[in-house]
Amino acid sequence: MNAPPTFESFLLYDGEKKVQKEEDTKVTNAAIFTVNKEDHTLGNMIRHQLLKDPKVLFAGYKIPHPLEHKFVLRIQTTSDYTPQEAFMNAITDLTSELSLFEERFKVSCWHDLHSMIFFCCCLDG
Amino acid sequence: MLRRPTPGENEEDILKMQEEFLRKKRQNQNLQPAAQVVNLRTEPIKRPNTNEQEIRKPSKYAQSKGLKNHSEKRSKSNDTVGNSVITDVYEKNTEKPVEKKLDGEDDKVYYPTILPFVLGDIVEKNLDTVVEFDYKPMPPEGFPVVRKQNKDSKATKYIYQKNLNKIKKNIVDKMDVDEPSCSNNKQNTINLPDRSYILTSENSDDIHNENIKILSKMSEKEILEEQQKLFSNLDPKVVDFIKSRRMQNENSTRQTLKLNERDDINKLATVNQNVEMDTSTQEIENDTLWENDVLSHPEIQNWLHFDSLEKDKLQWMEGLDESKNIKPDEPYEARFDFKGYLLPYTMEYTDMTKTLYHHGEEPHRPGYTITELIELTRSTITQQRVMALNTIAGILQYHSAGTYKDIIEIPLSKLFFIIRIAMDENKVIILEPALKAMRNLVYNKLDEASLDALIGFEEGNLQPCFENDKSEIEELESKEAELKDFHLAEIDLIAALLRTDILQRIYYILESIKPSFNCVQYCLQILTRLGRDSVETAKRICEMEHLMNSIITNFVPVTGVNFVFKPQVVYNGKPVLAAIKLLRVLSLQTEEICNILLMKYNILAPISVYLSSAVDRSYGLRIQTESYCILSNLLYFGLSYDSAISLCPVILTALYKHVQGTDINVEASVLAATHAAVVLQLINNILKHNLNDFLTFKTEVYKLLKEGLLKWFGQLSQMEHYTCAHLRILCSALDCCYTVIEIEQLPVKFVSDALKQLSYSKGFQNVINNLSSCSNLLSKIENKDLYSVKNLISLKCTVIDSAQKVLPILKVASPIPLLMSLFKLLTIVNQKEISRIFLDHVWNYLQRLSKCVPSLSDNWFTRMETNFVFYVMKLSVMCNVDESKKDVMYAVANKLCYTLRVDKKYELDFLFESIVFNKDWFTAERLLNLVNLTDADGFSRALTAIEDIRQCYRRVINLNYKDTGANVVLRKWMEPILPRDWIYLPILMLYSKNQEAESIPHVSGDHAQKMSAQIATEKEFIITCSLEWILFNELCFSDLVNDIDVTDRFCRIMCVFLCDNSLFLQPKIRMLLQKCTNVLFKKKSAFNFDKQLTGLNNFQDFYTQFLEQFQAVSYGDDVFSACVLVPLAQKHNVKWRKLIWSEYAGCLRALDCPEQLLCYEVNEYLYPEETDESLIKSYHRALSCNLLRPDTIMHKIASHHVHIFKNRSQIQNT
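What you see is a predicted model, and the numbers here were worked out from it, not measured in a lab.

## Observations concerning the packing of helix 48 (residues 1006-1036) of chain B against helix 51 (residues 1067-1081) of chain B
Residue and element names in this part refer to chain B.
- Close contact between helix 48 and helix 51 brings their axes to 10 Å; oriented N to C, the two are set at 30°. The angle between helix 48 and helix 51 falls in the class roughly parallel. For the crossing formed where helix 48 meets helix 51, the hand is left-handed. The segment helix 48 lies against helix 51, with Glu-1020, Ile-1023, Thr-1024, Leu-1027, Glu-1028, Ile-1030, Leu-1031, Glu-1034 and Leu-1035 engaging Lys-1068, Ile-1069, Leu-1072, Leu-1073, Lys-1075, Cys-1076, Val-1079 and Leu-1080.
- Residues of the contact of helix 48 with helix 51, tallied by class, amount to 11 nonpolar, one polar and five charged.

So this is what it looks like as structure tokens:
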């Protein structure tokens, strides 16, 4: 059978870079980032984050082929800013936002757990 | 522990396991198997209610069985087994009681004996001894009464009825027991009749008494209740029937004396007629039945079985209800007369038509339905089968002529099987209509006639392949062999026919049955149609030696052909025309088949004899015509040169005779003209091959040709009327001339002189006058007007709903074949002066053609016309037509591009090079359209780089034609080289290539980079060229692209954005795109995105893809944005707006477009105000979530609609 190996969608091959940058010559202040072994989950999130940035003029990603596990991100920024900076900022922001999310999730879970235990104790009398 | 089988193991594993088990068992006798069957039936079955057994009445079945075997005693005494019926049966049926254990068989495995079924099929047996059902629990005497056989029971009666009577009698027999006193003593208050009026059988009295008895037990109220119950249960018709019987019988009984009813029946036939008869006839005399012309026959009383009016039996002859009529437009079941002609709902009842009435569920309607006919084909009565098959044959004939198109759907596949089954009959009387029906089904007479009509024209040598489109089988992803018969017949009738072993059957018919001439002809015609199907089928026929040998020996004998045709000639050593036609059709297919025909069957021997034989009869002439055609076909494949040369003296004699004697007047014989034309075609063929051996005849041939040509030219120029059939001599002569000039490379002066004379003649003017009316391309007939069947390909040569029933080009006075040959000759004579005169003649036609959308371009017969138009174009290129005419010519050439079929690549290339992509043909007037563009944008490439554009298109279309060699049968004759929208072809091709999941192998390194760079430049080149050409066409030849829908054009431009991720950002392409869209935006009113797109997926998918692309790679490009914005105007469907504002909200941030690039005014996006609330919510969300950049058009739209909505709701609230 010619089924691809199961790890292909998440494991970088030997010598494969996670992110590759390429300047887009057709448009000013634009760059193309190829992110390997990722899919819509990350692509959409980053695109969303980038679009929140007022200095980003354009951000879009594309999965070139459903069987190629990568996405191509295009960023265009205002002249006082570079696409790479925008990309880095977006990632940083996303990371912190996600940490916050995790924190809140845990707290909320703990809270629920404690109240549950308390409730059980009450029942036991 | 023994292993148990698991899923996935197969038989072998099980066997291995068994082996292992047996081996182990041998070692250890006490081995317990994993599972064992224990027989639990060793002891007699104990029924729970044993004490009730005495009370239970034994069933009749058991009793009857017991009585029969004289085992009454046993059933009484054998108490140990038990009286239960089941045990009894069980005991009888099992040979060996299972409880007996075999010695030495110590394992407890039980091998069940198979019990036969307790109940077998119910079979009515004629028992001699009538079984008496012992009903009486105890006879009065204590012993069973001895019964006597009832001797007057007749053998004619049903056994069941006999027994039933017995039973009923038994019931009547009174028991000698105390009866309830009330039943006897009760006063019978109801007036019960003393005899039955309804029953007429011999035991009617018994039954009647029985009924009386039951009735007498009931009170009046009960009886009435029961009556009501019966009325409600019974069919009212039955009730009426019973009532009427009673009335009838009452009458009779009143007048007859005490006549026994059985005597009545006996006496009825006697002369001494009973009174009853009189009364019944009197009563029925008023019946309308007697008005029937059969029953009103004066002698009717003397006919057998017609002495009494059996109304039920003769009801079907009843007079018809004329008043029954049908509303217009209401569908009704189709009925056909004996010729297979569809009948109207009602028609006049005359002596001619009366045979069509009185049957089926609609006796008042004339004719037979298809269902009835199908039923009748399987009738046991031969006449009915013959009639049904003949009718079906007639239906199919009308159907294949297209008469029933749009009127009735004939279930061809069903009929096909019916006919094929009927063909297996060996009686000639049935075989003949069956073969006729099959012939009419598969062999389209009109197609064949039309093709035969082209014999003698050069185009007639080419034949279409009748292979059905089997792509459906591929779509189903199955193989032909896997399909069910009926399914295959639905897809391809011919394939289904072949599957039924038709060849073998035909062989048997021809060889063993040796039927009449008609049957033979039908068989041969069926074979002819099969031979046209595909190379494989033709080969199958050829390789079936016994069949071919039978045909050759019986119907293509080596003998002279000068005889009078009679049907008796068949199997009499005389040639049959249909067989020779079959050989011709087979010889069309491939060189291989021709070789088989020559080597195996030596067809040259009979053909040479036919050709050498002197003929003066029409049948012989026709045989010779076919023979000449076969020889021509063989020469096409480069075979049988020698025999052609050896036949040259004969051919020359024939030519000489024709030059001397054959005219092209209307009065002349068409057969002779065809014969002459075929001879000339053969000569043409020999000339083309330029054989050395022919040199000796050359001078003679040239001389005769010249003489003939001049004679026929002379006749043509004088003629008032002409027919196409006669002109074929001239056509062939012209074709010969063309070949001679081509070979000799010499201008022939007499030809140009003759042409010049002809061009001014009145006769030629007559010919030209008919041109437009006989044109297929101008006819505006659409394919849907033509008869066609999905599973059986046809040439569509009949036109329904028009004054003339054939295609315009096939009309009697069609000049197109002649003009084709003439213009072909003109292109090689190449004398500008003469050419111009002829071009002027067809100028009118060209003008009309330039203005219309060419119709019927995929029709086989249109090929002649496209050829003609091509030669006209070629001629006009050669003689440099005036500037004023160029525009019309260019338009015609443009149309011709997408009219040409796949085999015309050379012609297309010529057109591309000489006209379509040739600067000289762009008139100044047209180019003026470019002026306002050229300066500002530097757009002039279309003119400077036209050669590049042509190369681009050539490459995309793959115009590298190659000579396919001798090919007489054209397989893909329906496919065009170019689609109607061919100018967009490169874009669509790139688009579809991009859609395909192409996985470029990841090779790094210089070479790979070079390759990808090369591909990118190639792409850029193609897109630039095609966009330039599209823009040029839109601007300069807008009238030529106008018949392509604007929306389709726009979508094709949109495809450019989807072709590549960044090409549209290239300044040049961007500029071109902007111009192209701008031109289309001017026709914005025509945009309709809800319609079905031609050549693309539906717009929904397409637009989604487009938005995705925009979101991913656009960089907010203005032109791209402008295209995205087109379907978003308020006038278009709201779903496009919803799509972008909700699902593809990611586009919104980048989406902006300066107003001057927009397709619509800004106001068209703002008004009429949006009312869809979900969309307004989306607008609101986009505004509040910062999805929009301020000062963009999208921001403007969203805030406008949200604002208006807020205002509106405020007003509503206040």
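## Considering the interface of chain B and chain A
- With 19 residues of chain B at the interface, the matching set in chain A holds 24 residues.
- The junction of chain B with chain A conceals about 1700 Å² of combined surface from both sides, 52% of it contributed by carbon and sulfur atoms.
- Together, Ala1112(B), Tyr1115(B) and Arg1149(B) form the three largest contributors to the area buried by chain B at its contact with chain A, with a combined 42%.
- Our count for the chain B to chain A interface comes out at zero salt bridges.
- Where chain B packs against chain A, one counts seven residue pairs in polar contact (both at pLDDT 80 or more).
- Here the side of chain B that touches chain A is composed, by residue class, of seven nonpolar, 10 polar and two charged.

## So, the UniProt feature "domain: RPAP1 C-terminal" (unreviewed entry) in chain B
- UniProt tags residues 333-397 of chain B as "domain: RPAP1 C-terminal" (unreviewed entry).
- Across residues 333-397 of chain B one finds 37% helix and 0% strand; the C-alpha atoms that close the span lie 20 Å apart.

## Points about the pattern of salt bridges
- All told, the structure shown has 44 salt bridges over all chains when counted by the stated rule.
- As a salt-bridge pair, Glu38(A) and Lys18(A) come within 2.8 Å of each other at their nearest N and O atoms. Here Glu38(A), found in the loop between strand 2 (30-36) and helix 1 (40-52), pairs with Lys18(A), found in the segment before strand 1 (19-23); they are 20 residues apart in sequence, far enough to count as distant.
- Of the residues examined, Glu38(A) reaches a relative accessible area of 23% and is grouped as partly exposed.
- Since its relative accessible area comes to 33%, Lys18(A) is described here as partly exposed.
- Put simply, Glu68(A) and Lys70(A) hold a salt bridge, and the shortest N to O gap is 3.7 Å.
- According to the relative accessible area criterion, Glu68(A) is partly exposed, its value standing at 25%.
- Where salt bridges share partners, they join Glu448(B), Asp452(B), Arg532(B), Lys581(B), Arg584(B) and Glu626(B) into one cluster.

Cut-offs used in this document
- Residues numbered from 1 in each chain as written.
- Chains lettered and ligands numbered in written order.
- Predicted model: local features only at pLDDT ≥ 70, side-chain atom pairs only at ≥ 80, totals over all residues.
- Heavy atoms only, no water.
- Axes fitted to C-alpha atoms, helices over the stretch in contact; angles between N-to-C directions.
- Helix = DSSP H or I, 4+ residues; strand = E, 2+ residues; numbered from the N terminus.
- Parallel < 35°, antiparallel > 145°, perpendicular 65-115°, else oblique.
- Left-handed = near helix turned anticlockwise from the far one by under 90°.
- Contact = heavy atoms within 4.5 Å.
- Nonpolar A, V, L, I, M, F, W, Y, C, P; charged D, E, K, R; others polar.
- Buried area = accessible area lost by both parts, 1.4 Å probe.
- Salt bridge = Lys/Arg side-chain N within 4 Å of Asp/Glu carboxyl O.
- Polar contact = N/O pair within 3.5 Å; in protein donor to acceptor, adjacent residues only side chain to side chain.
- UniProt positions renumbered as here; feature names shortened; annotations may be inferred.
- Buried < 20%, exposed > 50% of the residue type's maximum accessible area, 1.4 Å probe, protein only.

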